[in-house]
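# Structure assessment
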Amino acid sequence: MRTRDFLEWPFFTPGHRELAARVDAWAFERFAGDGAHAEDRAAVDAACRELVRDLGRGGWTRYSVPGEVLLAGSAAHRTAGASGSAAGGGGQFDVAHGGSAAGGSAGGSGSAAGAGGSAGGSGSAVGAGGSAGGSGAAAGAGGGAAFDVRALALIRETLAWHNGLADFAFAMQGLGSGAITLAGSPAIKQKYLPRVAAGEAIAAFALSEPDAGSDVAAIKCSARLDGDSYVLDGQKTWISNGGIADFYCVFARTSPAELRPDGSVTARGISAFVVDANAPGFSIAERIDVIAPHPLATLAFNGCRIPVGNRLGPEGDGFKLAMRTLDVFRTSVAGAALGFAQRALDEALKQSLSRPMFGKTLADLQLTQAALADMATEIDAARLQTYRAAWLRDRGDTVTKEVAMAKMSATESAQRAIDRAVQIFGGRGVVHGETVEHLYRDIRALRIYEGATEVQKLIIARELLNAARKAQ
Ligand SMILES: Cc1cc2nc3c(=O)[nH]c(=O)nc-3n(C[C@H](O)[C@H](O)[C@H](O)COP(=O)(O)OP(=O)(O)OC[C@H]3O[C@@H](n4cnc5c(N)ncnc54)[C@H](O)[C@@H]3O)c2cc1C
């Protein structure tokens, strides 16, 4: 089995190390052969459903939901018995307008709830559910649930190394249910979260719209109170798990958009809801096919009626809730990028040692050595940033800047590393079915979703400038 020396870094507890080893062993067995699957829509949907079930059986989707949230509801015990693991996901937002709820740190002071996570601790392998950090788990900053961000990132890194779709399936269980964990009523938590943790219900996070991606405060989808129901009208697009999800956490306007003098939209007037896939008035408007296929769709809400109890948190707090959710899961996107990049480096090392060239091997040529050195160094730097951010968050620190740095550097350097690996493979590198060819497609969207690289730069600069202004 591979050695993963970085697990000895002081960011991790013994519980995290054991977790990483167990996920790796599980994935080696699950993806023995190569885990390849057909890429037509039906095959990808089926593979995804099966992966969610298997991740549930393996105990890994339990990390999508913090243990204390599961234990709080009696239904949680249905999922007991699994050995535990971790999950992740991410999101995007409007940082351009800073201020209020914008920015990576989720809407304002005390928001980043749920961030927290399990700090250090002597830790047995895995806590009662969703924490590898052992005892001493810190309550989430802002009073939210204690996600274990290091565990989420480690699981994503490990799964991404083995299989991109498995990483995706795992990530979405956390991202898709995070708003429920953070703001759902006890009844809503009990209804959805045990099934998410067990891999029995597929979750989705529905924020983006055709005209509201990076500028997410500009969403138009509306939710009108009508007796004991809300009625939703509008569209969501780019929704991962769209078409196979059992429920969607949907962000919609409960009051009209307010414009700033410069014409941009404020973050006020947005609320969050759970919408079941069989809710009247809900439909899949269109499926979207992307370069690394996974279930993705545009959703339509036409007079879609849901019970008032399906609202998540107070009316008007939806933007903050979306940011809080993304804030928890964004570091794990960096984790996934590390997994893809490390796999590319491992494949490149093998190929360069075995490929005969000019009477030697490719590895004997200094230009190859330079490429390998660049890849390894960039991956190491990104990994340090990623697990530093996760460790700080698990301590309860506010780490907006560090998380943005990790997301940007891990995804951007992974793209470069994978491109170098393709180059090292020569013609073979672009053949369908080659591992590096798949990685080349797998990595691309990570630089766009959950805050594109440009948006991360804006966050980092905003944090730097705010600190510098304060210091003046
Ligand atoms: C594979 C995939 C899965 C996704 N899954 C989900 C999901 O599950 N749920 C969900 O809600 N959304 C999801 N998304 C949507 C994703 O979050 C958006 O695509 C992303 O936020 C970018 O929005 P956009 O596509 O509208 O691009 P735009 O917002 O139009 O951005 C276009 C470009 O402008 C850049 N830009 C943004 N701000 C600035 C600025 N101030 N200055 C200069 N340039 C700027 C961006 O970085 C980007 O390069 C997914 C997207 C993809 C591709």
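Here, every reference points to the structure presented above.
Keep in mind that this is a model prediction, so the values were computed, not measured.

The topology assignment puts Val274 in strand E7 (residues 270–276). Each C-alpha atom, one on Val274 and one on Ala206, is 9.8 Å from the other, the two residues being 68 residues apart in sequence. Apart from the residues lying within four places of it in its own chain, the contact partners of Val274 are Ile180, Ile188, Tyr192, Phe247, Cys249, Asn310 and Leu312.

Our next topic: the site of the ligand. The immediate surroundings of the ligand are formed by 20 residues, with Gly213, Ser214, Ser240, Ala452 and Glu454 found nearest. Only strand E3 (203–206), strand E5 (229–240) and helix H11 (453–471) provide two or more residues apiece to the shell around the ligand. Here the shell around the ligand is built from residues that sort into 14 nonpolar, 5 polar and 1 charged. Looking at which domains feed residues into the shell around the ligand, each of domain 2 (205–319) and domain 3 (326–471) gives three or more.

Core analysis: the biggest nonpolar cluster contains 137 residues, and Val275, Ala337 and Ile418 have the highest contact counts within it. No other element matches the 17 residues that helix H7 (residues 318–354) contributes to this core. In this view, Val275 contacts Leu232, Phe247, Tyr248, Val250, Phe282, Cys304 and Ile306; residues no more than four positions away in its chain are not counted.

A separate point is the packing of helix H4 (residues 149–162) against helix H8 (residues 366–395). When two helices pack together, their arrangement is captured by the angle between the axes and the distance separating the axes. Viewed as axis vectors pointing N to C, H4 and H8 meet at an angle of 150°, and their least axial separation amounts to 8 Å. Considering their axes alone, H4 and H8 lie roughly antiparallel with respect to each other. Contact residues: H4 offers Val149, Arg150 and Ala153, while H8 offers Thr386, Tyr387, Ala390, Trp391, Arg393 and Asp394. A breakdown of the residues in the contact of H4 with H8 according to their chemical character gives 5 nonpolar, 1 polar and 3 charged.

Turning our eyes to something else, we now look at the packing of helix H5 (residues 164–183) against H7. It is the contact of H5 with H7, at a shortest axis distance of 9 Å, that shows an interaxial angle of 160°. Regarding the angle of H5 to H7, the classification is roughly antiparallel. When the axes of H5 and H7 are compared, the crossing they make is right-handed. Only Leu321, Arg324, Thr325, Val328, Phe329, Ser332, Ala336 and Gly339 of H7 make contact with H5, whose side of the interface consists of Asp167, Ala171, Gly174, Leu175, Gly178, Ala179, Leu182 and Ala183.

Conventions and cut-offs
- Residues numbered from 1 in each chain as written.
- Predicted model: local features only at pLDDT ≥ 70, side-chain atom pairs only at ≥ 80, totals over all residues.
- Helix = DSSP H or I, 4+ residues; strand = E, 2+ residues; numbered from the N terminus.
- Contact = placed C-beta atoms within 7 Å.
- Near = placed C-beta within 6 Å.
- Nonpolar A, V, L, I, M, F, W, Y, C, P; charged D, E, K, R; others polar.
- Domains from an automatic or database assignment.
- Core = buried A, V, L, I, M, F, W, Y, C linked by C-beta atoms within 7 Å.
- Buried ≥ 20, exposed ≤ 12 C-beta atoms within 10 Å, placed from the backbone.
- Axes fitted to C-alpha atoms, helices over the stretch in contact; angles between N-to-C directions.
- Parallel < 35°, antiparallel > 145°, perpendicular 65-115°, else oblique.
- Left-handed = near helix turned anticlockwise from the far one by under 90°.

Purely spatial values, then, with no claim about function.
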